[in-house]
Amino acid sequence: PSVVHADLSISPSRVVFEQNQRTVDIVLANTSDEIKTYDISLVNKAMDILGHLQPISSPAAGEFFADKILRYAPGTGTVKPGGVQKVRLVSRLRDD
């Protein structure tokens, strides 16, 4: 694996929606001394039993790809040096 140095950190790095939970906020923090631009996209992967993410072409039975059930805003933007940007994730998946 390659090592990537990023000046834009994401917290939390993993999001799990609990039952009846429809929204989660993530925070992008610019740790550099320059303005940083971001553009969010979703990549479909599955986690194996060891916790490693693997690319997949179709979801398993009873599962969904994130791009079909998640929305987020803002999807693009800039963050000033030392600044933060909150991004809201919204699940469209219903519990029923």
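What comes next concerns the included structure. (Residues numbered from 1 in each chain as written. Predicted model: local features only at pLDDT ≥ 70, side-chain atom pairs only at ≥ 80, totals over all residues. Heavy atoms only, no water.)

Describing the nonpolar core
Argument step 1. Counting residues in each nonpolar core, the largest one holds 7 residues, listed as Leu 8, Ile 26, Leu 28, Tyr 38, Val 79, Val 87 and Leu 89.
Argument step 2. Every element with two or more residues in this core is listed here: strand S2 (23-30) and strand S8 (84-91).
Argument step 3. Aside from chain neighbours lying at most four places away, what touches Leu 89 is Val 15, Phe 17, Arg 22, Thr 23, Val 24, Ile 26, Arg 71 and Tyr 72. (Core = buried A, V, L, I, M, F, W, Y, C linked by side-chain atoms within 4.5 Å. Buried < 20%, exposed > 50% of the residue type's maximum accessible area, 1.4 Å probe, protein only. Helix = DSSP H or I, 4+ residues; strand = E, 2+ residues; numbered from the N terminus. Contact = heavy atoms within 4.5 Å.)

Examining the side chain of Asn 30
Argument step 1. Relative to the helices and strands, Asn 30 is located in strand S2.
Argument step 2. Relative accessible area serves as the criterion here: at 3%, Asn 30 is assigned to the buried category.
Argument step 3. Here the side chain of Asn 30 touches Lys 80 through a polar contact of 3.2 Å, landing on its backbone oxygen.
Argument step 4. Excluding its chain neighbours within four sequence positions, the residues that come into contact with Asn 30 are Asp 7, Leu 8, Ile 35, Lys 36, Val 79, Lys 80, Pro 81, Gly 82 and Gly 83. (Polar contact = N/O pair within 3.5 Å; in protein donor to acceptor, adjacent residues only side chain to side chain.)

Considering the pattern of salt bridges
Argument step 1. Counted under the stated rule, the structure contains 4 salt bridges.
Argument step 2. Notably, a salt bridge pairs Asp 25 with Lys 86, separated by 3.7 Å at the nearest N-O pair. Here Asp 25, found in strand S2, pairs with Lys 86, found in strand S8; they are 61 residues apart in sequence, far enough to count as distant.
Argument step 3. Each of Asp 7, Glu 34 and Lys 36 takes part in salt bridges that share partners, so that together they form one network. (Salt bridge = Lys/Arg side-chain N within 4 Å of Asp/Glu carboxyl O.)

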